[in-house]
Amino acid sequence: MTYKRYTDRLPIIPADAKEHNVTCHYCIVGCGYKAYTWPLNRQGGTAPAENKFGVDLSEQQPMDTEAWYAPSMYNVVKQNGRDVHLVIKPDTNCVVNSGLGSIRGARMAENRRSDVTGTQQQRLTDPLVWRYGTWQPTTWDDALDLVARVTARFIDKDDEDDLYVSMFDHGGSAGGYENTWGTGKLYFGSMKVRNCRIHNRPAYNSEVHSSRDMGVDELNYAYADYTLTDTIMLVGANPLETQTNLFLNHMVPGMQNGAKVVIVDPRRTVSVNACEEAAGAENVLHLQPKSGTDLALFNAILTHVADQGWVDRAFIDASTFRNGIAVGEDAAHPAALGSFEDALQAVRISTADAAGICGVPEADIIKAAEWYAKPNDDGSRRKAIIAYEKGIIWGNDNYRTIGALVNLGLACGNIGREGGGVCRLGGHQEGYFRPGDGHVGRPAPYFDQILIQGGGRVHHVWACDHYKTTLNASVFKREYNRRTNMVKEAMDASAGATREQLVDAIEGAIRAGGLFSVNVDIIHSQIGQAAHVILPAVESGEMNLTSMNGERRLRLVEKYMDGPGQAMPDCLIAARLANHLERVLTEDGRAEYAAQFAGYDWQTEEDAFMDGYNSGNPEVTYERLRAMGNNGVQEPVTGFADGKLVGTPRLYTDGVFTRHGREDGKALFCLGAWRGLEAPGKAQQQANFRFLINNGRSNLNWQNWFLDQDNDFVIDRFPLPFIQINPDDAAELGVKNGDMVEVHNDVGATQAMVYLEPTARRNETFMLFGAPSGAQGNVINGGVNELILPNYKQTWANIRKIADAGPTTAKLSFKSWEVEL
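For clarity, every value in this text was computed on a predicted model and none was experimentally measured.

Visitor: How do you make sense of the overall build of the protein when you look at a structure like this?
Guide: For the protein, the count of helices and strands is 26 helices and 30 strands. Relative to its length of 821 residues, the protein is compact, with a C-alpha radius of gyration of 26 Å against a globular reference of 28 Å. For the C-alpha atoms alone, the extent of the protein along its principal axes is close to 80 × 70 × 65 Å. For the protein, buried positions account for 63% of its 821 residues.

Pasting the structure below:
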């Protein structure tokens, strides 16, 4: 890795280097980058005409020069089968990041696979089939033939309930419109697979059902609105840590323009500290509710706003439903939806009562209401943005709590107006385009629990690792290993058998309770250890890929390098699997069913894009997106004029709300009253165990560390997941920085590295989510809300010491993250 190379000289990018548009494939912000490639035996010169920057590099460059790149931005990769230099550096002309690079995006180059520099050698290069007690490399036809033959034994026309599927629903690294269409067409078009789940939750469902049911798409503003607003409210989000350049390039300028900030988070994060530095502590209000009590807090703010007469009556009358209850509470709707008056009556709670529930001072609740909705001194309405994320999405009573935030935005007319919005901040970028999933049902099947109870015969896994990112993980892993091992033993006992005999043996093991697992990924994942067939995929930059960011900005990432070995895009893997299923079903005499798998003659990812996304958005093509560069176009695309795609900067500017599909275009309010910890088992766990085990991301580690596991820069800093703990709690437990502790409760146990943090509240900890060497999901119980949304955030456990700090952790810095900028 560059971090270990001690590089003292980097090649100059020549003037004629190929230039590719790149969107960072990590977080949802989607910063713009440029990738430059050129032959390995050449480099540019210092004269302006000899380098890509067009400047005299023999002279000292200014501090903010574009004519520079870091070692982490450089690598040597394959392009059309030949070694080439690769530089991926921030694009100063991209409005998303204005040349800023995050600790994730600015390491994209060093996280590419290279046979010259040795980076990312853990990438999968060949299809693998379990043979002779291990995974043996093979060809695509051999691997997919086995998958198709086993799968065909357990599916039939109009009956695919024995096929279980885990698949991503996002854009960015392994997603995008090409790949979600490829997998979606296979499982929802050619088949109607009902038992499926998404990469980070145990069912196939939305994370924002209530917002959509109320008529409001969860990504409805433009990032520029942060610079135009009067108040930024951050809820269950830590944007400096997880959406770095959205915070630095848009939120900070907004604060510098005078915006006040309300932060709702039980934990004091680096974002709180940074907001105080940027806006001044007097302009930042940090509300620290007891974990899971957000709903009572937001309902009290709405109650106070309404009682003070600060609502936007004209907007409510013109753009919201005015006739009582529109949708009753039922199994698909955990709260009724209707008019403002009905909602206010249902959710009404005093600021004093909410303070007692939340542990937030009543005066601060009132101040939050004032900062959000009290008119300005000149009588004009305040413009306010609410940005929320996993803290409430994966928290208590998801449907009602998100509904309460949308209630605030609608009541004050802050959706559809400049400087307003109620939006999720997001994790991955978005890139969802699939056939309808209505057959899955709502609530969707609780995939994990059904599988644990013996459901499913065949499991196709696409870019998911539930061993690291699911709840009730200890039980899930134990049962998954048991069932897949039954099939491995049958395959081992069939060494030397014909293909038909092997499939017969696999079928016998499955019918005895086993599970056949097929894993599609870019690395050998933890759940992949249980698989019987492993299929190598490529990622962003190794294919052309389209995604949109958190303000719906659609871009094309141009392919700038070859994928490793035989790896191919997910959409083409899905197409090849469909081809094999069509052939196998035809051979079996099931011609009518086989015909459903026709129409996958794609040769490139662009073919998949045209078959899918373009069919619904005919104005959008690769050629036109390429011409739009890294600024792209904000969806929905409304036309093509003067050589440019025409987009939509922000939604609902006309006051018409359409996400719910209602013909009247009226938004609905949510009648979601506070009802305590809603998911099963949470209240009992809170009563029985001492520590809240809050969880989330860190700036350095991306998601489940999938590429970071082989990056020295990351692993040297955090070789193990940390758990931040109050120093007084640590003293009582007899632990110090770097010590290993076991986190345990009634559902499982995991481990973490102690990190003392003075700002942590007593009995409240924070642990990294999704780490490979300490899965926090092991201690999360199986409790979900009515719509099978995981409650990852409300988890309680006890902590005990395992060992003193060893050589790996003793050398680390454990300085508090409270720093002056």
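Visitor: Would you mind showing me how to read the sheet that holds strand E7 (residues 163-167) here?
Guide: Strand pairing within a sheet occurs via backbone hydrogen bonds; the two strands may be parallel or antiparallel. Strand order in the open sheet formed by seven strands is E6-E5-E18-E17-E16-E7-E8, with mixed pairing between adjacent strands. The strands lining the two open edges of the sheet, one partner per strand, are strand E6 (134-137) and strand E8 (196-198). Taking each pair of neighbouring strands and ignoring which way they run, the sheet shows an average axis angle of 20°. The sheet strands contacting helix H2 (residues 140-152) are strand E5 (128-131), E7, strand E16 (458-462), strand E17 (516-521) and strand E18 (533-536), and the helix crosses E18 at an angle near 130°.

Visitor: What am I meant to see in the nonpolar core here?
Guide: Nonpolar side chains in soluble globular proteins generally cluster together in the buried interior. Core analysis: the biggest nonpolar cluster contains 216 residues, and Leu146, Leu186, Tyr187, Tyr226, Leu410 and Phe516 have the highest contact counts within it. Beyond its immediate sequence surroundings of up to four residues, Leu146 is in contact with Val129, Met491, Arg499, Leu502, Val503, Ile506, Phe516 and Val533.

Visitor: Quick question: what am I supposed to make of unusual backbone geometry here?
Guide: Most peptide bonds are trans, and most residues other than glycine sit at a negative phi. Of note, the bond from Arg442 into Pro443 is cis; its omega dihedral lies within 30 degrees of zero at 5°. In this structure, Pro636 follows Glu635 across a cis peptide bond, with omega equal to 0°. Relative to the assigned elements, Pro636 resides in the loop between strand E21 (633-634) and strand E22 (639-641). Even without glycine at this site, Tyr132 takes up a positive phi of about 55°. Of note, Tyr132 is situated in the loop between E5 and E6.

Visitor: How should the sheet that holds strand E12 (residues 325-327) be read in this particular structure?
Guide: Spatially, the three strands line up as an open sheet ordered E12-E13-E24, and their pairing is antiparallel. Two strands bound the open sheet, and with one partner strand each, they are E12 and strand E24 (669-671). For this sheet, the mean inter-axis angle between neighbouring strands, taken without regard to orientation, is 45°. Across three bridges, the pairing between strand E13 (residues 336-338) and E24 is antiparallel. Each bridged residue has a counterpart across the sheet, and for Ala336 the counterpart in E24 is Leu671. This element, helix H10 (residues 340-347), spans E12, E13 and E24 of the sheet and lies at about 30° to E24. Against the sheet, helix H14 (residues 398-411) touches E13 and E24, its axis set at about 140° to E24.

Visitor: Looking at this model, I keep getting lost on the state of the cysteines. Mind explaining?
Guide: Between two cysteines, a covalent bond joining their sulfur atoms is known as a disulfide. Following the criterion strictly, the structure yields zero disulfides and no others. Of all cysteine sulfurs, the one in Cys31 lies closest to Cys27, which takes part in no disulfide; the gap is 6.2 Å. On the basis of relative accessibility, which here comes to 8%, the residue Cys27 falls in the buried class. Left without a disulfide partner, Cys94 is nearest to the cysteine sulfur of Cys31, which lies 7.0 Å away.

Visitor: Could you clarify how one ought to interpret the pairing of strand E15 (residues 421-424) in this entry?
Guide: For a regular strand, side chains alternate in direction, first toward one face of the sheet and then toward the other. Of the two faces of E15, both are covered, the one formed by Gly421 and Cys423 as well as the one formed by Val422 and Arg424. Bridge count for strand E14 (residues 384-388) against E15 is four bridges, and the pairing is parallel. Residue pairing in the sheet places Tyr388 in a bridge with Arg424 of E15.

Visitor: Sorry if this is basic, but what is going on with the environment of Gln709 here?
Guide: Residue placement: Gln709 occurs in the loop between strand E25 (691-696) and helix H24 (712-717). On a C-alpha basis, the gap between Gln709 and Glu178 in space is 27 Å, while along the polypeptide they are 531 residues apart. Sequence-distant contacts of Gln709, that is, excluding residues within four places in its chain, are made with Lys468, Ile523, Asn704, Ile715 and Pro772.

Visitor: Please clarify how the pattern of salt bridges should be interpreted in this entry.
Guide: Pairs can form between side chains of opposite charge whenever their charged atoms are close. Per the stated rule, a full pass over the model turns up 60 salt bridges. One salt bridge in this structure joins Asp145 and Arg499, with 2.5 Å as the shortest N-O distance. Here Arg499 lies in helix H17 (residues 499-511) and Asp145 lies in helix H2, a separation of 354 residues in the sequence. Shared partners join several salt bridges into a network, and the residues in it are Arg131, Asp142, Asp145, Arg149, Arg499, Arg583 and Glu587.

Visitor: Honestly, the packing of aromatic side chains in this entry has me stumped. Any pointers?
Guide: Here a ring pair, both rings aromatic, is described through the centre-centre distance and the interplanar angle of the planes. For the structure shown, the criterion picks out 28 aromatic pairs. For the ring pair Phe188 and Tyr204, a centre distance of 5.1 Å and an interplane angle of 85° mean the geometry is edge-to-face. Taken together, the positions of Phe188 in helix H3 (residues 176-190) and Tyr204 in the loop between E8 and helix H4 (209-213) put the pair 16 residues apart, joining distant regions of the chain. Across from the ring centre of Trp394, 5.0 Å away, lies the NZ or CZ of Lys390, which sits over that ring. One cation-aromatic arrangement involves Arg624 over Phe640; the distance from NZ or CZ to the ring centre is 3.6 Å.

Visitor: Honestly, the side chain of Thr138 in this entry has me stumped. Any pointers?
Guide: Considering the arrangement of structural elements, one finds Thr138 in the loop between E6 and H2. Assessed through its relative accessible area of 14%, Thr138 is described here as buried. Discounting chain neighbours no more than four positions away, the residues touching Thr138 are Asp126, Pro127, Val129, Arg131, Ala143 and Gln566.

The rules behind the values
Residues numbered from 1 in each chain as written. Predicted model: local features only at pLDDT ≥ 70, side-chain atom pairs only at ≥ 80, totals over all residues. Heavy atoms only, no water. Helix = DSSP H or I, 4+ residues; strand = E, 2+ residues; numbered from the N terminus. Rg over C-alpha atoms; globule rule 2.2 N^0.38 Å. Buried < 20%, exposed > 50% of the residue type's maximum accessible area, 1.4 Å probe, protein only. Pairing = 2+ DSSP bridges. Axes fitted to C-alpha atoms, helices over the stretch in contact; angles between N-to-C directions. Contact = heavy atoms within 4.5 Å. Core = buried A, V, L, I, M, F, W, Y, C linked by side-chain atoms within 4.5 Å. Disulfide = S-S within 2.5 Å. Salt bridge = Lys/Arg side-chain N within 4 Å of Asp/Glu carboxyl O. Phe/Tyr/Trp six-rings, centres within 6.5 Å; stacked < 30°, edge-to-face > 60°. Lys NZ or Arg CZ within 6 Å of the ring centre and 35° of its normal.

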